[in-house]
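# Fold and geometry: a report
The chain contents come next:
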Amino acid sequence: MGKHLVIDPITRIEGHLRIEAILDDNNTVIDAYSSSTMWRGIEIIMKGRDPRDVPLLAMRICGVCTGTHYYTSTQTVEHALGVIPPKNARLVRNLIQGSLYIHDHVVHFYHLHALDWVDIVSALKADPAKAAAEAKKWANMLKDPITGATIQPWNAGEGQFRAVQERLKKFVKAGRLGPFANAYWGNKSYKLTPEQNLVAVSHYLDALDMQREMAKLMAIFGGKNPHPQSLVVGGVTCVQDIKNPARIGHFKDILMKSREFIYRAYLPDLLMAGAVYADEALKGIGKGLGNYMAYGDFRMDDNEWYKGELLFPSGVVLNMDLSTVYDLDQSKIAEDVTHSWYKYNVDQPLHPFNGETNPEYTGFRQDGTLDPKGKYSWIKSPIYDDHRVEVGPLARMIVGYARGNERIKHYVDWLLKSGNLPVEVLFSTVGRTAARAVETALMVDVMVEWLNDLAKNVASGDLSTWTEFDFEDLTKGRELQGYGLTEAPRGALGHWIKIKDGKVENYQAVVPSTWNAAPRDYKNRMGAYEASLIGTKLANPDQPLEILRTIHSFDPCIACAVHVIDAKGKELGVYKLEPIGGACNV
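Residues numbered from 1 in each chain as written. Predicted model: local features only at pLDDT ≥ 70, side-chain atom pairs only at ≥ 80, totals over all residues. Heavy atoms only, no water.

### Brief notes about the side chain of D555
- With respect to the element layout, D555 can be found in the loop between α17 (545-553) and β15 (561-566).
- Look at D555 and you get buried, because its relative accessible area is 1%. (Helix = DSSP H or I, 4+ residues; strand = E, 2+ residues; numbered from the N terminus. Buried < 20%, exposed > 50% of the residue type's maximum accessible area, 1.4 Å probe, protein only.)

### Digging into the pattern of salt bridges
- Applying the stated criterion across every chain yields a total of 34 salt bridges.
- Across the pair D50 and R52 runs a salt bridge, and its minimum N-O distance is 2.8 Å.
- We note a salt bridge from K375 to E360, for which the minimum N-O separation is 3.9 Å. Here K375 is found in the loop between β10 (333-336) and β11 (381-384), whereas its partner E360 is found in the loop between β10 and β11, with 15 residues between them in sequence.
- E360 sits in the partly exposed class, given a relative accessible area of 32%.
- Three or more residues joined by partner-sharing salt bridges are found here, namely D386, R388, D521, K523 and R525. (Salt bridge = Lys/Arg side-chain N within 4 Å of Asp/Glu carboxyl O.)

### Focus: empty space enclosed by the protein
- The volume enclosed by the largest cavity comes to roughly 140 Å³.
- Forming the walls of the largest cavity are 13 residues, and the residues nearest its centre are L270, G274, L421, V430 and A434.
- Listing elements by their share of the lining of the largest cavity, those giving two or more residues are α9 (245-276), α10 (278-282), α12 (406-418) and α13 (429-459).
- Per element, the largest residue contribution to the lining of the largest cavity is four residues, and it comes from α9.
- Looking at the lining of the largest cavity residue by residue, the classes come out as 11 nonpolar, two polar and no charged.
- Counted as a void, the second largest cavity has a volume near 90 Å³.
- If you go around the second largest cavity, the residues you meet are Q75, Y295, G296, D297, R299, E304, W305, Y306, K307, G308, L310 and L485.
- Across the lining of the second largest cavity, the residue classes tally to five nonpolar, three polar and four charged. (1 Å grid on protein atoms, 1.4 Å probe; cavity = no way out; pocket = protein on both sides within 12 Å on 5 of 7 lines; lining within 4 Å. Points joined across faces, edges and corners; volume = space filled by probe spheres on them. Nonpolar A, V, L, I, M, F, W, Y, C, P; charged D, E, K, R; others polar.)

### Observations regarding the packing of α9 against α12
- Following both chains from N to C, one finds α9 and α12 inclined at 60°, their axes separated by 10 Å at the closest point. Put simply, α9 runs oblique to α12. At the point where α9 passes α12, the crossing takes the right-handed sense. Between α9, through Y263, L267, L270 and L271, and α12, the contact on the second element is made entirely by Y411, W414, L415 and S418.
- In terms of residue class, the contact of α9 with α12 is made up of seven nonpolar, one polar and no charged. (Axes fitted to C-alpha atoms, helices over the stretch in contact; angles between N-to-C directions. Parallel < 35°, antiparallel > 145°, perpendicular 65-115°, else oblique. Left-handed = near helix turned anticlockwise from the far one by under 90°. Contact = heavy atoms within 4.5 Å.)

### Topic: α13
- Look at α13: 45 Å from first C-alpha to last across 31 residues, which is about the 45 Å you get at 1.5 Å a residue.
- With 25 of 31 residues buried, α13 lies mostly within the body of the structure.
- Between a side-chain oxygen at the N-terminus of α13 and the backbone nitrogen of V430 the separation is 3.4 Å; the capping residue is S428.
- At the C-terminal side of α13, G461 shows a positive phi close to 105°. (Expected span 1.5 Å × (residues − 1). Polar contact = N/O pair within 3.5 Å; in protein donor to acceptor, adjacent residues only side chain to side chain.)

### A word on the layout of surface pockets
- Taken as a whole, the second largest pocket spans an internal volume of roughly 310 Å³.
- In this structure, the second largest pocket is lined by 17 residues; those nearest its centre are S189, E280, I285, K537 and E546.
- Of all the secondary structure elements, the ones that give two or more residues to the lining of the second largest pocket are α10, α13 and α17.
- Considering each element in turn, the lining of the second largest pocket owes the most residues, three residues, to α17.
- Along the lines of polarity and charge, the residues of the lining of the second largest pocket split into four nonpolar, five polar and eight charged.

### Quick notes on the sheet that holds strand β12 (residues 479-488)
- The strand order across the open sheet formed by three strands is β12-β13-β14, and the pairing between neighbours is antiparallel. Of all strands in the sheet, those with a lone pairing partner are β12 and β14 (503-510), marking the two edges. Taken over all neighbouring pairs, the strand axes of this sheet differ in orientation by 15° on average, direction set aside.
- In the sheet, β12 pairs with strand β13 (residues 491-500) via 10 bridges, with the strands oriented antiparallel. Counted as the bridge partner of A488 is G491 from β13.
- The strands that helix α3 (residues 66-81) touches are β12, β13 and β14; relative to β12, the one it contacts most, it runs at about 145°. (Pairing = 2+ DSSP bridges.)

Worth remembering: the numbers are spatial, not functional.
Shown next, in the form of structure tokens:
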């Protein structure tokens, strides 16, 4: 008889997530369920408020990508009012949002996802000299996509690796592994050599310092990080920062240092892991739905909302068919609550403009597991034109690649060619992880262009950062509606607003993890997380490393407790990870 795995809570993500998986006798996942176990209902808080205040509340939807919700909500209100921010504001917003991307992606790869690929304990067996040669090998396989120069490894001398190894040994000897404790070290699913593991561990530690520097980028123009505060409906408020050459210079210094780390550490490490796990990528392990959607984002001109060029184009690709891209139509978006802990006043999926947030919690079954025939998650089930779709960096790269976007094709082909891999490897857990790295390289390079454009525009005498408008004249006695369609680091993010006589009548947000982590819909079709786990084989069902690897590839984790239950609900074992210092460290 197979097993019923319950992983709750999933850690190394933002929020509360539970995964249940059904295994066959060969320890292969044959069914899976994704459940969010926390309800907030923040959309209800927006009702009755001044729309100009909504962005400051909306950014509290998430403590990780706060700038994204702030930025998206501001755009939502601007779209409803018909206000277009000036060029400087567009560039500043792009730089703030881009700063979030490069910081978020680096932190995800090293501090949230790396331990799914990297066996820390194995690094203790490594030869530091061979590790240095290994780091050089993978870095030298890459050529800078702009200059063509051969990439050199980051902080990769024999002495550095020996020092890291000695540091690890002291931790182990003292029994103080800290964030490296309580994991599945030695699991057969780990494939990197000891030397490769040592390289990755060293860069993991380097990334702790680098992410602190990267976080400063948002604060330079945003005021602080997290929860930046320089965006307002109509533009931005950081005029003193953009007119100060020292501030722009400081931003550029950190940006170029970030680029060094991305190209000399992140990308070579990704290439190394991708090559080792290429067989899994070629088999399509973790591919999931095979349907991809991108709203598109990062305005490249100052045309009206949704009528100009975007860095990431919008569109939908179905069934992994790169020959066809369907144009995005936001009116085809709807949310279903058949298997969600909500109820609608009508028996059909609703467009966000007409969305309802009415909680209806039904709980778990008596054996403590989810009820797959009933409601089992606080996440709604979004559908696009009656399709379940995946969103995120992979979706952005797939849609852009299929559209023939020159910039995206250049960077995707550059990395694939460097690893001698076909484009088909993208349709996998490995590919999802690689797409995020490609996007990081692309983003850091285009940010240099935006910063130069900003400096040039300000030097020309243009200090405009806000478009004036008469709020009372636009809203008094009127009913308006608008939407903000953007791309958070984790994927397509949409906010919808209805305004009546100057107050918010309704507000709905459909976030990336709503699309990806959603439960089944009214046709019993899986969400992206659920579908991505089907066919995954576990080396050891008591250590569901492969499940965590795929879930983490979406960027939402070794659990604090893993319960293994047989198909009848009988608990076979409890595998508890004791927190250190009162918090889960892995």
